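Single-letter residue listing:
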Amino acid sequence: MNKQAKKVWSILSTLLVVLVVLCAVFLVGSRLLGYQAYNVISGSMSPAYEVGDLIYVKKVDVNTIQEGDPITFVLDENKTVATHRVVAVDAENQCFYTKGETNNVVDPPVHFNNVIGVPKFSIPFLGYAADFMQHPPGLYITIGIFLALIVLLFLPELLRKRKTAKAGAGNEAAPEEAERQAEAADTAEPGSSTEPDEISE
């Protein structure tokens, strides 16, 4: 592999590793900042949130939520999570009335205790990647790709060091051989020669 190809490969492999790390940060690291990520799987909130978007939800004081705010909540007994807009607040009964942007009917009352939080921002299309990376076989494929990239990123450098080490070992052997030859010459008798004597006729 010539230097130009090595340089291109190094850049591409580095970019791929950075991309995988960024995805991991957006999917896992966001939890360290108090966000929960949810994949949008329906168009009920279009155009605010489209299918495939990844929305980041943060827990807030329910008393600060007002009519018109989008909220993420547990919709039913099956623990289905939904994100809809608040159309009315019933403070007396501690519940919200919500509706999807494209829905024609209002959802059943959402009790304050079922509110997960308020969406703060979203990233288009990242939901597709999140869904793929978090569930088998996509999870295993992602881990395999990440490990392969790590190996390929550092393999050329390891091979280069190994080649340099071998070359260094070869250079060290040459002076030792020269030294042995010099010692052999010093121990030879004066006037002796390795050439055969001439025979005069």
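Before going into details, it helps to say that this report is about the structure given with it. Once a new chain begins, its residue numbering starts again from 1 and follows that chain's sequence as written. In keeping with the model being predicted, local features are shown solely for residues with a pLDDT of at least 70 and side-chain atom pairs are shown and tallied solely at 80 or more, while totals for entire chains, interfaces and linings include all residues. The basis for every side-chain value is the complete set of heavy atoms in the structure, and neither hydrogens nor water enter the calculation.

As a further point, take the pairing of strand E4 (residues 81-90). Following DSSP output, two strands are said to pair if at least two bridges run between them. Helix and strand assignments follow DSSP, with helices taken as H or I runs no shorter than four residues and strands as E runs no shorter than two, numbered in order from the N terminus. Relative to E4, strand E3 (residues 70-74) runs antiparallel, the two being bridged by five bridges. Each residue of the ladder has a partner; that of Ile71, found in E4, is His84. Here E3 folds back onto E4 in antiparallel fashion, the turn holding six residues, of which Lys79 has a positive phi close to 65°. Here E4 pairs with strand E5 (residues 95-99) via five bridges, running antiparallel. Bridged to Val89 within E5 is Phe96.

The antiparallel pairing of E4 with E5 creates a hairpin that spans four residues between the two strands, and Gln94 there sits at a positive phi of about 55°. Taken together, the two bridges between E5 and strand E6 (residues 110-111) define a ladder with antiparallel strand orientation. Within E6, the position partnered with Cys95 by the bridge is His111.

Whenever Lys or Arg places a side-chain nitrogen within 4 Å of a carboxyl oxygen from Asp or Glu, that contact is recorded as a salt bridge. Enumeration over the complete set of coordinates arrives at one salt bridge. Between Glu101 and Arg85 there is a salt bridge, with its nearest N and O atoms 2.9 Å apart. Taken as a pair, Glu101 in the loop between E5 and E6 and Arg85 in strand E4 lie far apart in primary sequence, 16 residues in all. Each residue's exposure class comes from its accessible area (1.4 Å probe, protein chains only) as a fraction of the maximum for that residue type: buried when under 20%, exposed when over 50%, partly exposed otherwise. The partly exposed category is assigned to Arg85, whose relative accessible area is 22%.

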